[in-house]
Amino acid sequence: MTSQATQSDFATTRDGTRISYQLVPGNGRGRCVLVHSLAMDKSFWNSTVAALAGACDVLILDCRGHGKSDKPEGPYSVEQFADDIADVMDHVGWTSAVVAGASMGGCVTLAFAGRHPKRVDGLGLFDTTAWYGENAPEAWAERGNKALTEGLSSLIAFQKTRWFGDAFREANPDVLDAAIQVFLANDLNAYAATCTMLGAADLRAFLPKFDFPCEIKVGSEDYATPPEMAKYLADHIPGAKMEIMEGVRHFSPLEVPVVIADALKTLTKAA
C-alpha cells in the first residue's frame, strides 16, 4: 500500500490488540519496518525517516503497551510483539520488508525474523542483543519494580546517561527532553511487563538460521547493549556486517540518524 501522504491509523492484531502505526511513503522501490526502543514510541524514528528522504516506504508503529497502542495486561513476550508486526504488515498489505529495530526493537526484530523468515528482506540491528545474560531476569525485574514503586521519574537520571553521550545531551537538549517526555508518559504496568519480557528474551537459537542481509550497528559507548553483544550477533548471523560507531551511546537512531538511515538504504537496495 502506498499513497502520496503519510497514513496514520490502527491495526487490530490476532488477539484483538489495537496497534497504532504510521505509513510514510517513499519512492516505492523498497519497504522498511522500524521497531522502537523500550518506553519510546514511533516518534523515536522521526529523524531516521527524515534522513531516509523517501528512499523507501517506511512503516513505524507503537509496540503494544507503548504510545497510542493498546496496553493490555501482561505477561508480554517478544514473540507476541513480533506477531503484532506481522499483523500490522498484513493490515497495510505488505508481504515482506526490511525489518529493523533498536534496543528492545532489535530483540523484537530478531523474534520476527525467527518466526516469519519469509517476510524478511533484510535485517537491521541497532544497539541490541539476542540475550541480556544470565542475570537478566533479576536485573529487568528490579527495573520494572522500581518504576512501579517509585515512578518512572526515579529512573530518569539512570536512563538519560545511557541513552546519549555527554556532549550530545549538552548540545541537543531538545532531543533529550523529547525522549524524557515520551518515557514519562508510559503506563507503569505495561512498562513493568515489558521489562519482564526483555529479561526472559533469548533469541540466540535463531541466529545461525538467518539467510538475509544483516546490518549491525552499535555505539562504542553503549553501556546498555555493549559492543560485545553486537559482536555475538555478528559472529552468529551468517554474512552479517557490523560497525562500531565511535562516541555514540544507546539511542543511535536519535544521535546519528544519518548513519542508521544509510544502513537501511543499504538493506533496501540489497533486497
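If you're wondering where the values come from, they're calculated on a predicted model, not measured in any experiment. (Residues numbered from 1 in each chain as written. Predicted model: local features only at pLDDT ≥ 70, side-chain atom pairs only at ≥ 80, totals over all residues. Heavy atoms only, no water.)

A.B. asks: Would you mind going over the pairing of strand S8 (residues 241-245) with me for this structure?
C.D. replies: Successive side chains on a regular strand alternate, one facing one side of the sheet and the next facing the other. With five bridges connecting them, strand S7 (residues 214-219) and S8 associate as parallel partners. Directly across from lysine 217, in S8, lies its bridge partner glutamate 243. Regarding the hand of the β-α-β motif, the stretch spanning S7, helix H9 (residues 227-236) and S8 is right-handed. (Pairing = 2+ DSSP bridges. Helix = DSSP H or I, 4+ residues; strand = E, 2+ residues; numbered from the N terminus. Right-handed = clockwise from strand over helix to strand, strands pointing away.)

A.B. asks: Looking at this structure, how should I read helix H4 (residues 136-150)?
C.D. replies: Every α-helix carries 3.6 residues per turn, so stepping three or four residues along brings you back to the same face. Compared with an ideal rise of 1.5 Å per residue, which puts 15 residues at 21 Å, H4 spans 21 Å between its outermost C-alpha atoms and is within 8% of the ideal. Among the residues making up H4, those that are buried are Ala136, Trp140, Arg143, Gly144 and Ala147. Along H4, the residues classed as buried sweep out an arc of 90 degrees about the axis, all on the same side. With respect to the buried face of H4, the exposed residues turned more than 90 degrees away are Glu138, Glu142 and Thr149. (Expected span 1.5 Å × (residues − 1). Buried < 20%, exposed > 50% of the residue type's maximum accessible area, 1.4 Å probe, protein only. Arc of directions from axis to C-beta.)

A.B. asks: How should I be thinking about the pattern of salt bridges in this particular structure?
C.D. replies: Pairing between side chains becomes possible if they bear opposite charge and their charged atoms approach one another. Counting across every chain of the model gives 14 salt bridges. The shortest N-O distance in the salt bridge between aspartate 83 and arginine 115 comes to 2.8 Å. Placement of aspartate 83 in helix H2 (residues 78-92) and of arginine 115 in helix H3 (residues 104-115) is noted, with a sequence separation of 32 residues between them. Within the structure, one salt-bridge network assembled from shared partners comprises Arg14, Asp83, Asp87 and Arg115. (Salt bridge = Lys/Arg side-chain N within 4 Å of Asp/Glu carboxyl O.)

A.B. asks: So what exactly am I meant to see when it comes to the sheet that holds strand S6 (residues 120-126) here?
C.D. replies: Strand pairing in a sheet relies on backbone hydrogen bonds. The paired strands run either parallel or antiparallel. Taking strand neighbours across the sheet as the criterion, the eight strands line up as S1-S2-S4-S3-S5-S6-S7-S8 in an open arrangement whose pairing is mixed. Where the open sheet ends on each side, the last strands, each with one partner, are strand S1 (7-12) and S8. The sheet shows a mean angle of 20 degrees between the axes of neighbouring strands, taken without regard to direction. In the sheet, strand S3 (residues 31-35) pairs with strand S5 (residues 97-102) via four bridges, with the strands oriented parallel. Within S5, the residue paired with valine 35 across the bridge is glycine 101. In the packing of H9 onto the sheet, contacts are made with S6, S7 and S8, and the angle to S7 comes to roughly 170 degrees. (Axes fitted to C-alpha atoms, helices over the stretch in contact; angles between N-to-C directions. Contact = heavy atoms within 4.5 Å.)

A.B. asks: Would you mind showing me how to read the environment of tryptophan 131 here?
C.D. replies: Examined against the element boundaries, tryptophan 131 turns out to sit in the loop between S6 and H4. Judged by its relative accessible area of 27%, tryptophan 131 is partly exposed. Separated by 123 residues in the primary sequence, tryptophan 131 and leucine 254 place their C-alpha atoms 23 Å from one another. In this view, tryptophan 131 contacts Ala201, Asp202, Arg204 and Met229; residues no more than four positions away in its chain are not counted.

A.B. asks: Just to check I follow, could you spell out the packing of aromatic side chains for this structure?
C.D. replies: Where two aromatic rings form a pair, the distance of their centres and the angle of their planes describe that pair. Per the counting criterion, the structure on display carries 11 aromatic pairs. For the pair phenylalanine 164 and phenylalanine 251, a centre-to-centre distance of 5.7 Å together with 85 degrees between the ring planes defines the contact as edge-to-face. Note that phenylalanine 164 is positioned in the loop between helix H5 (156-163) and helix H6 (166-171) and phenylalanine 251 in the loop between S8 and helix H10 (252-255), a separation of 87 residues in sequence. Considered together, phenylalanine 164 and phenylalanine 251 belong to a single accessibility category, that of buried residues. Put simply, the rings of Phe44, Trp45, Trp163, Phe164, Phe168, Phe183, Tyr191 and Phe251 touch in pairs and so form one group of aromatic residues. A cation over a ring is seen here: arginine 18 above phenylalanine 10, with NZ or CZ 4.0 Å from the ring centre. For arginine 143, the ring lying beneath its charged end belongs to tryptophan 140, and the centroid distance is 4.2 Å. (Phe/Tyr/Trp six-rings, centres within 6.5 Å; stacked < 30°, edge-to-face > 60°. Lys NZ or Arg CZ within 6 Å of the ring centre and 35° of its normal.)

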